[in-house]
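As a plain string of letters, each chain reads:
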Amino acid sequence: MKGLILTVILGGTVTYVNAIEQSFVKPDKAPIDIKDRATVLRGAVHFKAQCLTCHSMKYMRFDEISQEAGIVPKLMPVWDEFAWGGNPPPDLSLVVKRRSADWVYTFLRSFYLDAGHSTGFNNLVWHNTKMPNPFVGIQGQQVLMVPLSDLQHIRGEKRWSELLELETQGAMTGEQFDDYVNDMVNYLAYASDPSSLEREKIGSWVIGYMVVLFIVLLALSLSYWDDIKRKHYQSSDK
Amino acid sequence: MSFNQWINSRLPISDFFDQHLRQYYAPKNLNFWYFFGSLAILCLSIQIISGIWLLMYYEPTAKTAFDSIEFMMREVPYGWLLRYVHAVGASSFFVILYFHLYRALMYGSYQRPRELLWLSGVLLLILAMAEAYTGYVLPWGQMSYWAAKVIMNIFGAIPFIGEPIMHLIQGDYVVSEVTLQRFFAFHVVAFPMILLAMVFLHLVALHTVGSNNPDGIEIKDNKGADGIPKDGVPFHPYFTIKDLVAAAAFLIIFFTIVFYNPTMDGLFLEKENFIPANPLVTPPEIKPSWYLAPYYAILRAVPNQLLGALAMISG
């Protein structure tokens, strides 16, 4: 019904409607901390090694961390809109702002083997994603413990770790891999809004100043209004 | 002749100041609800000042609009601050305006003799919405584009003249770069000028009839021997200082949002608007900004486009 109304409102001008990717699982909380420069930088280095071949970071042109990790404009891929059958790897400079860190953190760890899908792997957060699983070597291969057809019914009830099982171990242990992905998400979170570091630093000063100003003005105001109150009571006494 | 006299015999600045602040009497029982008028002026000033700076970096073309804002957010010193101030400012403006409106309804400030004060206020609210809507389109993200489209279709639903009007505003048969540039002109020049003129008229009306107050007493009906309302207090310094206290309190909240949660988790800057506009992909859900949401809900509740639009306007 909602869709119908929307179509009516849009006057049938929509030519192509995006299949809404809906996650099958509850997202994990990403333990991000972008103030921790070391993890952000590690994440940037991992990103350069594993993701920059497909994904650009086009708004990160001059910041110090991307430079240091070697994420520079001339290495960034440019896809036209028809590449990858119309789903080219998107730019990731704003991905955390539009999806959330938790979404990316869960997405990256929930690839599983699916011979029926074109890339050989499917994903619990984004079903039928065109992104190939980049982590076969380090995470290993995960398999689904329930039949694919059951996913519809249990949508949103479980976490990915309750549905997937590691079939072959990769080069990293589970913990190492979680840290690895978390570093990456940390970098992506930083990249989505680099101002946040500076913002929170200046913020406390600005707000502190406003609080002082508020107190001074309040004291001043009360002393002005004292006269009025006094006069008011004098006149009503009479 | 002193400098002051020289000026004031040619341009009566002091007289004006005296007349409208020092000898303008406001009821002494004005309470919390009466802060929102001056706060609205503060918000408008914040929007104009931050807007001027944004204008220096923003490029109004379909190709560059989105990028120019991200450029500002990352590479212009304090560009992020101005952008967030402008975005949070827009939402705060509506919070303040809705409080101001609520006050007027609660204390009956729309009644005689304040009918025109009320009417100019309603026009100001509509203008503010038009200003916010055109501004919302400028970043040219997904939500900008699709919200523009939905609203344009409301105009298109008017019988007979709807389509020509829609095409006139859009400047094209569909929402396109031409629309973006029209909205840019409206947002930056046309609407702010009309808005400021309306604010002026609103204040002229206010200073003619005077403030209402919680008790609904007309202070002008009870004047002392000196011709001064007995229950009135000179606006300056008593209410200027009171309003300054309110302004500082407001700014504490305002800056806390700007510095610590400028998108308000997607309420002030929607997540979907961090993807550049794409006419081929409809977002999963098209939502207007929160401050327009009630009107949009009325529209959506009525399946017929025209009737829905009528219900929305009358609401």
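This one's a predicted model, so the numbers in the text were calculated from it and none came from an experiment.

Asker: Quick one: what's the story with the interface of chain A and chain B, residue by residue and with numbers?
Answerer: Listed as interface residues are 48 residues of chain A and, on the opposing side, 47 residues of chain B. For the pair chain A and chain B, the summed buried surface comes to about 4,500 Å²; carbon and sulfur atoms form 68% of the total. The interface formed by chain A and chain B holds 1 salt bridge in total. The shortest N-O distance in the salt bridge between E75(B) and R61(A) comes to 2.8 Å. Between the two partners, chain A and chain B, sit 11 residue pairs in polar contact (both at pLDDT 80 or more). The greatest single-element share of the side of chain A that touches chain B, amounting to 21 residues, is contributed by helix α8 (residues 195-237) of chain A. Within the side of chain A that touches chain B, the residues separate by chemical class into 27 nonpolar, 11 polar and 10 charged.

Asker: Go over the nonpolar core with me, naming the residues and quoting the values.
Answerer: Counting residues in hydrophobic clusters, the biggest one holds 92 residues, and the most contacted among them are W140(B), F250(B), F254(B), F255(B) and V258(B). With 15 residues, the top contributor of residues to this core is helix α10 (residues 235-260) of chain B. In this view, F250(B) contacts L39(B), L42(B), C43(B), I46(B), S92(B) and I96(B); residues no more than four positions away in its chain are not counted. Counting residues in each nonpolar core, the second largest holds 49 residues, with V104(A), Y105(A), V125(A) and L188(A) among its members.

Asker: Which residues make up the pattern of salt bridges, and what values do they have?
Answerer: All names here are of chain A. Enumeration according to the criterion identifies 15 salt bridges over all chains in this entry. A salt bridge links K35 to E200; its shortest N-O distance comes to 3.3 Å. Of the two residues, K35 is situated in the loop between α1 (2-9) and α2 (37-50) and E200 in helix α8; the sequence distance between them amounts to 165 residues. Sharing partners across several salt bridges, the network here consists of D28, R109, R159 and D178.

Asker: Give me the lowdown on a nonpolar patch on the surface, citing residues and values where you can.
Answerer: Residue and element names in this part refer to chain B. Residues I48, I49, I52, W53, M56, Y57, F71 and L196 make up a contiguous nonpolar surface patch of roughly 730 Å² in combined accessible area. When residues in the nonpolar patch are grouped by element, the largest group, 6 residues, is from helix α3 (residues 36-57). Within the element layout of this structure, I48 appears in helix α3. Judged by relative accessible area, I48 falls into the partly exposed class, the value being 32%.

Rules of the game
- Residues numbered from 1 in each chain as written.
- Chains lettered and ligands numbered in written order.
- Predicted model: local features only at pLDDT ≥ 70, side-chain atom pairs only at ≥ 80, totals over all residues.
- Heavy atoms only, no water.
- Contact = heavy atoms within 4.5 Å.
- Buried area = accessible area lost by both parts, 1.4 Å probe.
- Salt bridge = Lys/Arg side-chain N within 4 Å of Asp/Glu carboxyl O.
- Polar contact = N/O pair within 3.5 Å; in protein donor to acceptor, adjacent residues only side chain to side chain.
- Helix = DSSP H or I, 4+ residues; strand = E, 2+ residues; numbered from the N terminus.
- Nonpolar A, V, L, I, M, F, W, Y, C, P; charged D, E, K, R; others polar.
- Core = buried A, V, L, I, M, F, W, Y, C linked by side-chain atoms within 4.5 Å.
- Buried < 20%, exposed > 50% of the residue type's maximum accessible area, 1.4 Å probe, protein only.
- Patch = residues over 30% accessible without salt bridge, like charges linked within 9 Å, V, L, I, M, F, W, Y side chains within 5 Å.
- Areas by Shrake-Rupley, 256 points an atom, 1.4 Å probe, with all protein chains shown as cover.

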